[in-house]
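Read off the chains here:
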Protein chains: 2
Amino acid sequence: MTDPLIPGATIGILGGGQLGRMLAVAAARLGFRSHIFEPGANPPAADTAHALTTASYEDTAALTRFAQSVDVVTYEFENIPTAALDVIEAIVPIHPGREALRISQDRLTEKTFLQELGLNVAPFADIPDRAALDAALVRIGTPAILKTRRFGYDGKGQSRLQGPEDAERALRDMAGAPAILEGFVDFSHEVSVIAARNAAGDVACFDPGENVHRDGILHTTTVPATLSAGQRMDAVLLAAKILNALDYIGVMGVELFVTSGGLIVNEIAPRVHNSGHWTQNGCTVDQFEQHIRAVTGWPLGDGTRRTDVVMENLIGDDMDRVPALAREADTAIHLYGKAEVKPGRKMGHVNRVKR
Amino acid sequence: MTDPLIPGATIGILGGGQLGRMLAVAAARLGFRSHIFEPGANPPAADTAHALTTASYEDTAALTRFAQSVDVVTYEFENIPTAALDVIEAIVPIHPGREALRISQDRLTEKTFLQELGLNVAPFADIPDRAALDAALVRIGTPAILKTRRFGYDGKGQSRLQGPEDAERALRDMAGAPAILEGFVDFSHEVSVIAARNAAGDVACFDPGENVHRDGILHTTTVPATLSAGQRMDAVLLAAKILNALDYIGVMGVELFVTSGGLIVNEIAPRVHNSGHWTQNGCTVDQFEQHIRAVTGWPLGDGTRRTDVVMENLIGDDMDRVPALAREADTAIHLYGKAEVKPGRKMGHVNRVKR
């Protein structure tokens, strides 16, 4: 374990989207500078960061200079090319670590890891080919969902099967990508736990939030979630189990299905998470600062929930609602500074707090 | 009245200190970009801003380019040279406006303005020379305090007189600068009102805070302040009276002495104010966002106080306390990213909230 970084140190952030932007703000609040690495032009995170490198993840020279200019590297998305990580890690630590990335980059690896930890997951099967799919449909049944093993998010790379007759179409939807079949889970609702672990091994979880999706994209997160005291404790304990098993450093989002038979882990994300945005207006220390504290070797902060909050994402044309939202009482607006409004694009969010 | 600025617009901020830094964060939260203008190197505000111009306030070409690159200009300190304001205002609006700056830049003008508004101020006299000082000492009595009319802050440019025999020393302390003499006020404590007014003429005040100074520098602000319901209403009404009289746009800090005979206005600052930092952890919309909303033509936000807060400034070596503060529950740390620790220098602050 190394010494905590002191204010004035620089945090390298891979990815310049809204998560990187809000991480950079939290870093500044603790006196750190942020350096953003992002291939795209005009990244939202550059507006709140000390430095920006615009380069591709294949640009070894740029990655090297970036790594040399910072004291620690973290990231806002999990699909970072392995070769880029190798370049960086030879120079400076990366938190959360490689193992968390390896596991969360591949749905099959992730499901297997969670199952081996003794946690409940949806029935699943590796689908390298049509024969495997046919066999899995017999074992798991329908409805079921075929998902690419890698690079899926916000409902992309997924295809539903109502019956065996959908097998060919679903496989075609994968466009040749390695896939897994997941059985449907009969759940009442989805919750997520935003959990943090630091280098000292301390774990802290924010109060679980209840998530509602629209068109495969998170629509709202509500705290407190509908959970019994026992379910709430289970949720926090299983999240801690995952973080400890990975010797994890940083914030992780753990999505859970609530069923009559207990909690089922849907997926994990080794980073700050959209369903944790409510913490900005519900806690003294939010998920972004908690992540920065963890990756810089600081003690975790006080993430006690202080009020009820409903977080609502602003997607695409929801931006037209901003003037009306600006007049609402009990409402905090968080916009991402994205130049272009596109359908399905996350443009911002609002946190509505209870008076 | 002009249309509200829409997200993506750029706010020019004169001054790159901690107030500019926290204004830039608030601007980003609403989707705006910030462009900092600051003569000094490595300004704290640059770490959270989209753009930085490093130039002096005498550099007309740099001021012109700066003004042309932004949609509105605001500032974090009131002593901006008039000629610089002339250059900028020919290109882009400045909020708060020139009249507020003119009045607050000069203690004599400020006191006269407040008195003419019908508000109570400490007895004062213009001191152009020794004869004026002698006459004023007879009228106002001692103890009294001689202050430079311009450029004083954090206790600088002030000299106390215990009796007429101190006149010569005090006048020498002014080093030839125009001065005013102020009579001492027998007050129980100091409070401040952070008030906001937007282009539509809406006024909103944060709950008054109670200020304690050490060595002439703000040490703590506590909300709620010790005030009767009547005093609290008086404080808010007189702040509103000041903002309305100036057709003010933005946030203003109004410092008040609480006496048995009522509230006495100590001074006004046409900007976000150190005694309003508690709002970052006490309100859904803080003073920085309220200022950005006002200067961009947005509706004012919900500044309702949601919890009790004690704000404590971290001055100079208080930075050594950060590791311990980071372990405190109910405590939010806000550091300014200043490269060098100096005695008396404001390095950050903490907000302690009530559980």
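Chain A carries the name N5-carboxyaminoimidazole ribonucleotide synthase in an unreviewed UniProt entry, which gives Sulfitobacter aestuarii as its organism. Comment text from UniProt for chain A, heading Sequence similarities (unreviewed entry), reads "Belongs to the PurK/PurT family."

Between H95 of chain A and P96 of chain A the backbone carries a cis peptide bond, its omega angle lying at -10 degrees. By secondary structure assignment, the location of P96 of chain A is in the loop between α3 (82-89) and α4 (98-104). Here the amide bond leading from T142 of chain B into P143 of chain B is cis, since omega sits at 0 degrees, within 30 degrees of zero. Within the secondary structure, P143 of chain B is located in the loop between α6 (130-140) and β6 (144-148). The residue N42 of chain A is not glycine, and still its phi comes out positive at about 50 degrees. Here N42 of chain A is to be found in the loop between β2 (33-38) and β3 (51-54). Looking at N42 of chain A, the relative accessible area reads 56%, which means it is exposed. Of note, D215 of chain B is a non-glycine position whose phi angle comes to about 50 degrees, a positive value. Along the chain, D215 of chain B turns up in the loop between β11 (209-214) and β12 (217-223). A relative accessible area of 79% places D215 of chain B in the exposed class.

Residue and element names in this part refer to chain B. Strand order across the open sheet formed by 4 strands is β5-β8-β6-β7, with antiparallel pairing between neighbours. Each of the sheet's edge strands pairs with one partner strand only, and the pair in question is β5 (124-127) and β7 (158-161). On average, each strand axis in the sheet is tilted by 25 degrees relative to the strand beside it, whichever way the strands run. Relative to strand β8 (residues 179-183), β6 runs antiparallel, the two being bridged by 5 bridges. Within β8, the position partnered with L146 by the bridge is L181. Together, β5, β6, β7 and β8 form the strand contacts of α6, whose direction differs from that of β5 by roughly 170 degrees.

Right, let's get into the domain arrangement of chain A. One can read the domain layout of chain A as domain 1 (10-94), domain 2 (123-183) and domain 3 (189-353). Between domain 1 of chain A and domain 2 of chain A, the C-alpha centre-to-centre distance is 34 Å.

Each strand in a sheet pairs with another by means of backbone hydrogen bonds, the pair being arranged parallel or else antiparallel. Residues and elements named next belong to chain A. Pairing is parallel in the open sheet, where 4 strands are placed in the order β3-β2-β1-β4. On the outer flanks of this sheet lie β3 and β4 (72-75), each paired with one strand and no other. Taking the axes of each pair of neighbouring strands and ignoring which way they run, one obtains an average angle of 25 degrees across the sheet. Two elements, strand β1 (residues 10-14) and β4, share 4 bridges in a ladder whose sense is parallel. For G12, the partnering residue across the bridge sits in β4 and is V73. Seen against the sheet, helix α1 (residues 18-29) touches β1, β2 and β4 and runs at an angle of roughly 170 degrees to β1. Where helix α2 (residues 60-68) meets the sheet, its contacts fall on β1, β2, β3 and β4, and the angle it forms with β2 comes to roughly 170 degrees.

Moving on, we come to helix α10 (residues 287-295) of chain B. Residues and elements named next belong to chain B. Among the 9 residues of α10, 9 are classified as buried, and the element is accordingly described as predominantly covered. Capping of α10 at its N-terminal end is provided by D286; its side-chain oxygen lies 3.0 Å from the backbone amide nitrogen of F288. Two residues or fewer past α10, G297 is found with a positive phi of approximately 80 degrees.

Now for the interface of chain A and chain B. Each partner contributes residues to the interface: chain A has 39 residues there, and chain B has 39 residues. When the two sides are added together, the surface that chain A and chain B hide from each other amounts to roughly 3,000 Å², 51% of it contributed by carbon and sulfur. Taken together, the links from chain A to chain B amount to 4 salt bridges. A salt bridge links D47 of chain B to R33 of chain A; the nearest nitrogen and oxygen atoms lie 3.3 Å apart. Counting every contact that joins chain A to chain B gives 16 residue pairs in polar contact (both at pLDDT 80 or more). For the side of chain A that touches chain B, the elements supplying multiple residues, two or more each, are α1 and β16 (331-335) of chain A. The element contributing the most residues to the side of chain A that touches chain B is β16 of chain A, with 5 residues. For the side of chain A that touches chain B, the per-class residue count stands at 18 nonpolar, 10 polar and 11 charged.

To continue, consider the side chain of H349 of chain A. Residues and elements named next belong to chain A. Its place among the elements puts H349 in strand β17 (residues 346-353). Look at H349 and you get buried, because its relative accessible area is 0%. In terms of polar contacts, H349 uses its side chain to reach the side chain of Q280, at 2.7 Å. Only 2.6 Å separates the side chain of H349 from the side chain of Y336, close enough to count as a polar contact. In this structure H349 touches M22, H277, Q280, M311, E312, N313, L314, A332, I333, H334 and Y336, once residues within four positions along its chain are discounted.

Once that is clear, we can look at the packing of α1 of chain A against helix α1 (residues 18-29) of chain B. It is at 12 Å that the axes of α1 of chain A and α1 of chain B come closest, and there the two elements cross at 160 degrees. As the angle between them shows, α1 of chain A and α1 of chain B are arranged roughly antiparallel. Relative to α1 of chain B, the crossing made by α1 of chain A is left-handed. Touching R21, V25, A28 and R29 of chain A of α1 of chain A are R21, V25, A28 and R29 of chain B, all from α1 of chain B.

Within the span of helix α5 (residues 107-116) of chain B, buried status applies to R107, L108, E110, K111, F113 and L114 of chain B. Of the residues flanking the end of α5 of chain B, it is G118 of chain B, one or two places downstream, whose phi is positive at about 90 degrees.

Overlaying chain A with chain B gives an RMSD of 0.0 Å, the required rotation being 180 degrees about an axis along which the chain moves by 0.0 Å. The relationship between the two copies is best expressed as a two-fold rotation axis. Looking at the rotation axis and the C-alpha trace of chain A, the residue lying nearest is T48 of chain A, at 2.0 Å.

This part takes up the pattern of salt bridges. Applying the stated rule across the entire model yields 58 salt bridges over all chains. When the shortest N-O distance is used, the salt bridge between D207 of chain A and R305 of chain A registers 2.7 Å. Remark: R305 of chain A occurs in the loop between α10 (287-295) and β15 (309-315) and D207 of chain A occurs in the loop between β10 (203-205) and β11 (209-214); sequence separation between them is 98 residues. Residue D207 of chain A is classed as buried on the basis of its relative accessible area, which comes to 17%. Residue classification places R305 of chain A among the partly exposed positions, given a relative accessible area of 26%. We note a salt bridge from R169 of chain B to D173 of chain B, for which the minimum N-O separation is 3.2 Å. With R169 of chain B and D173 of chain B both in helix α7 (residues 167-173) and 4 residues apart, the pair spans about one turn of that helix.

Rules used in this analysis
- Residues numbered from 1 in each chain as written.
- Chains lettered and ligands numbered in written order.
- Predicted model: local features only at pLDDT ≥ 70, side-chain atom pairs only at ≥ 80, totals over all residues.
- Heavy atoms only, no water.
- UniProt positions renumbered as here; feature names shortened; annotations may be inferred.
- Helix = DSSP H or I, 4+ residues; strand = E, 2+ residues; numbered from the N terminus.
- Buried < 20%, exposed > 50% of the residue type's maximum accessible area, 1.4 Å probe, protein only.
- Pairing = 2+ DSSP bridges.
- Axes fitted to C-alpha atoms, helices over the stretch in contact; angles between N-to-C directions.
- Contact = heavy atoms within 4.5 Å.
- Domains from an automatic or database assignment.
- Polar contact = N/O pair within 3.5 Å; in protein donor to acceptor, adjacent residues only side chain to side chain.
- Buried area = accessible area lost by both parts, 1.4 Å probe.
- Salt bridge = Lys/Arg side-chain N within 4 Å of Asp/Glu carboxyl O.
- Nonpolar A, V, L, I, M, F, W, Y, C, P; charged D, E, K, R; others polar.
- Parallel < 35°, antiparallel > 145°, perpendicular 65-115°, else oblique.
- Left-handed = near helix turned anticlockwise from the far one by under 90°.
- Least-squares fit on C-alpha atoms with pLDDT ≥ 70 in both.

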